[in-house]
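# A structural walkthrough
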Amino acid sequence: MRKQIVAGNWKMNKTYEEALSLVSEIDNMVKDEVNSQVTVIVAPPFPFLQSVGKLTQGNDLMHLAAQNMSEHESGAYTGEVSASMLKSVGVQYVIIGHSERRMYHHEDAQTLYKKLKAAIAQGITPIFCCGEPLEERDADRHFDYVGKQLHDSLSYLSNEEFDQVVVAYEPIWAIGTGRTASSQQAQEMHAYIREQLSRMFDAEAAFNTSILYGGSCNPGNARELFSQADVDGGLIGGASLKSRDFTDIIKSF
Ligand code: PEP
């Protein structure tokens, strides 16, 4: 069944104390105000994962994600964190292929494929990000660009592996810019993504895949975006750092 998901990507923000108070506020608001079956995910920085996870343990709606992980299983990879390490501290989801990782850390399609495999092997659900830069949209090549990103990293997965994957469409021109995609632009790209997935995997798996929108999503535009047939929730950056805004986005279904 397709899940409704709202995931907050905290990126490199918050100290330990700030992270704990943010997640406590979110946890309380979700308990008091959210009665739908939304899957709420928070993705704090690595050092805070375990403590944040402990704080949300009693709340069935709340889930824990990492923002990245290594494609390697273990060994001499200084500074890296493996899927099994994440699993051992209660991580259930991991963001793979965020545009900031692709851009600043030069993560290519093959590396992302390996990360997807490594996460799935540990039973961690990858949130696979795709999305075009502004020049590709302006040149009307956005569908081809995103189609290639999907093909180059996802198409080598088996149907069973793909069943574990969540996709996030994040047009780069909308990330952190305050310029969001219109609900029509989001819907047509999400429908295109679902169609591409149904060519790579079985149609039922593609139908059941949650496809999230990301890019300047906020309490003012979430309802309109989430009401689109192929938009199953959001991956939220800036607005996930404020408990009130994040909870209001969760309540937008
Ligand atoms: C993101 O970086 O995943 C994101 C969607 O950021 P923002 O909501 O700040 O645009």
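Residues numbered from 1 in each chain as written. Predicted model: local features only at pLDDT ≥ 70, side-chain atom pairs only at ≥ 80, totals over all residues. Heavy atoms only, no water.

### Notes on the site of the ligand
Of all residues adjacent to the ligand, which total 14 residues, the nearest are Lys11, His98, Glu170, Gly176 and Ser216. A distance of 2.5 Å separates an oxygen atom of the ligand from a polar side-chain atom of Lys11. By residue class, the composition of the shell around the ligand is four nonpolar, eight polar and two charged. (Near = heavy atom within 4 Å. Polar contact = N/O pair within 3.5 Å; in protein donor to acceptor, adjacent residues only side chain to side chain. Nonpolar A, V, L, I, M, F, W, Y, C, P; charged D, E, K, R; others polar.)

### Some details on the sheet that holds strand S2 (residues 39–43)
Spatial strand order, S1-S2-S3-S4-S5-S6-S7-S8: eight strands in a closed barrel with parallel pairing. Strand-to-strand, the axes of this sheet are offset by a mean angle of 25 degrees, without reference to chain direction. Bridge analysis of strand S1 (residues 5–9) against S2 gives five bridges, and the strand direction is parallel. Within S2, the position partnered with Val6 by the bridge is Val40. The sheet strands contacting helix H9 (residues 183–200) are strand S5 (125–130), strand S6 (166–169) and strand S7 (211–214), and the helix crosses S7 at an angle near 145 degrees. (Pairing = 2+ DSSP bridges. Helix = DSSP H or I, 4+ residues; strand = E, 2+ residues; numbered from the N terminus. Axes fitted to C-alpha atoms, helices over the stretch in contact; angles between N-to-C directions. Contact = heavy atoms within 4.5 Å.)

### A word on the UniProt feature "binding site: substrate" (unreviewed entry) in the protein chain
This chain's UniProt record puts "binding site: substrate" (unreviewed entry) on Asn9, Trp10, Lys11, Gly176, Ser216, Gly237 and Gly238. The named residues occupy 230 residues along the chain; their greatest pairwise C-alpha distance, 14.2 Å, places them in one compact cluster. Set against the largest pocket, the annotated residues named above that line it are Asn9 and Lys11. Tracing the backbone shows Gly176 in the loop between S6 and H9. When its relative accessible area of 77% is taken as the criterion, Gly176 is described as exposed. Topologically, Gly237 is positioned in the loop between strand S8 (233–236) and helix H12 (243–250). Not counting residues within four places of it along the chain, the set of residues in contact with Gly237 comprises Asn9 and Lys11. (UniProt positions renumbered as here; feature names shortened; annotations may be inferred. 1 Å grid on protein atoms, 1.4 Å probe; cavity = no way out; pocket = protein on both sides within 12 Å on 5 of 7 lines; lining within 4 Å. Buried < 20%, exposed > 50% of the residue type's maximum accessible area, 1.4 Å probe, protein only.)

### Side note on the state of the cysteines
Cysteine pairs can be linked by a disulfide, which is a covalent bond between their two sulfur atoms. In the structure shown here, the tally under the stated rule is zero disulfides. Not engaged in a disulfide, the cysteine Cys130 finds its nearest cysteine sulfur in Cys129; these two sulfurs lie 7.6 Å apart. Given a relative accessible area of 4%, Cys130 falls into the buried group. Between Cys217, a free cysteine, and Cys129, which holds the nearest cysteine sulfur, the sulfur-to-sulfur gap is 14 Å. (Disulfide = S-S within 2.5 Å.)

### Some details on the layout of surface pockets
Any empty space left between atoms is shown by rolling a water-sized probe over those atoms. In this structure, the largest pocket spans a volume of roughly 430 Å³. Considering the residues around the largest pocket, the lining is formed by 19 residues, among which Lys11, Gln67, Asn68, Arg101 and His105 are closest to the centre. The element best represented in the lining of the largest pocket is helix H4 (residues 99–104), accounting for three residues. Here the residues of the lining of the largest pocket sort into eight nonpolar, seven polar and four charged. The volume enclosed by the second largest pocket comes to roughly 240 Å³. Lining the second largest pocket are 15 residues, and of these Met1, Asp163, Gln164, Val165 and Asn208 lie nearest its centre. The leading source of residues in the lining of the second largest pocket is helix H10 (residues 203–208), at three residues. In terms of residue class, the lining of the second largest pocket is made up of seven nonpolar, five polar and three charged. (Points joined across faces, edges and corners; volume = space filled by probe spheres on them.)

### Things to note about unusual backbone geometry
Positive phi outside glycine occurs at Lys11, with the angle close to 50 degrees. Tracing the sequence through the fold places Lys11 in the loop between S1 and helix H1 (16–33). Judged by relative accessible area, which is 21%, Lys11 ranks as partly exposed. Of note in this structure, Lys14 is not a glycine but carries a positive phi near 85 degrees. Along the chain, Lys14 falls in the loop between S1 and H1.

### Considering empty space enclosed by the protein
Taken as a whole and assessed by the stated rule, the structure comprises one cavity of 30 Å³ or more. Quantified by volume, the largest cavity comes out at close to 50 Å³. Contributing to the lining of the largest cavity are Gly97, Ser99, Arg102, Cys129, Cys130, Gly131, Gln149, Glu170 and Ile172. The set of elements that each furnish at least two residues to the lining of the largest cavity consists of H4 and S5.

### Details of the environment of Val40
Here Val40 is to be found in strand S2. In this structure the C-alpha to C-alpha distance between Val40 and Ser70, which are 30 residues apart in sequence, comes to 24 Å. Once you skip the residues sitting within four places of it in the chain, Val40 turns out to touch Val6, Val30, Leu61, Met62, His63, Phe246 and Ile250.

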